[in-house]
Amino acid sequence: QVQLVESGGGLVQPGGSLRLSCAASGFTFSTYAMSWYRQAPGKEREFVAAFTSTGYTNYADSVKGRFTISRDNAKNTVYLQMNSLKPEDTAVYYCRARSWPNEYWGQGTQVTVSS
């Protein structure tokens, strides 16, 4: 059974940091591209960052220089280190695994940036 379980969200002040984790099981993690997406209230889900199975990383312009995606294939886990957080980063953050034609999503973890 495929599972993606996000953790690490919470309430943080502007300028603060959080590290999200996504633990995967039920598929061959190392062969999948792993990504983070987010969805703010009243908005569509948007791309945040990706880490392919071949080591390529990509970021949305809005998070470049502040967020870092990494993965540990031995632990079947992908991470999102978020620094210099802004109120506009407030959203539910989702983990996605993709290897055509398969695609899996986690349930999400809430990140709230507020003073």
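Whatever comes next refers back to the structure up there.
Cut-offs applied
- Residues numbered from 1 in each chain as written.
- Predicted model: local features only at pLDDT ≥ 70, side-chain atom pairs only at ≥ 80, totals over all residues.
- Heavy atoms only, no water.
- Helix = DSSP H or I, 4+ residues; strand = E, 2+ residues; numbered from the N terminus.
- Rg over C-alpha atoms; globule rule 2.2 N^0.38 Å.
- Buried < 20%, exposed > 50% of the residue type's maximum accessible area, 1.4 Å probe, protein only.
- Contact = heavy atoms within 4.5 Å.
- Areas by Shrake-Rupley, 256 points an atom, 1.4 Å probe, with all protein chains shown as cover.
- Lys, Arg positive; Asp, Glu negative; His and termini not counted.
- Charge placed at Lys NZ, Arg CZ, Asp CG, Glu CD.

S.K.: Would you mind going over the overall build of the protein with me for this structure?
M.R.: Scanning the protein for helices and strands turns up zero helices and eleven strands. In sequence order, the protein lays out its α and β elements as β-β-β-β-β-β-β-β-β-β-β. Its C-alpha radius of gyration of 13 Å places the protein within 12% of the 13 Å reference for a compact globule of 115 residues. For the protein, the spread of C-alpha atoms along the three principal axes comes to 40 × 25 × 25 Å. Relative to its 115 residues, the protein shows a buried fraction of 41%. The long-range fraction of contacts in the protein, counting pairs at least 24 apart against all pairs at least 6 apart in sequence, stands at 53%. Carbon and sulfur atoms make up 45% of the accessible area of the protein, which amounts to about 6200 Å² in all. Charged side chains of the protein number 11 positive and 8 negative; the gap between the two group centres comes to 4 Å.

Geometric descriptors of this kind do not, in isolation, establish any biological role.
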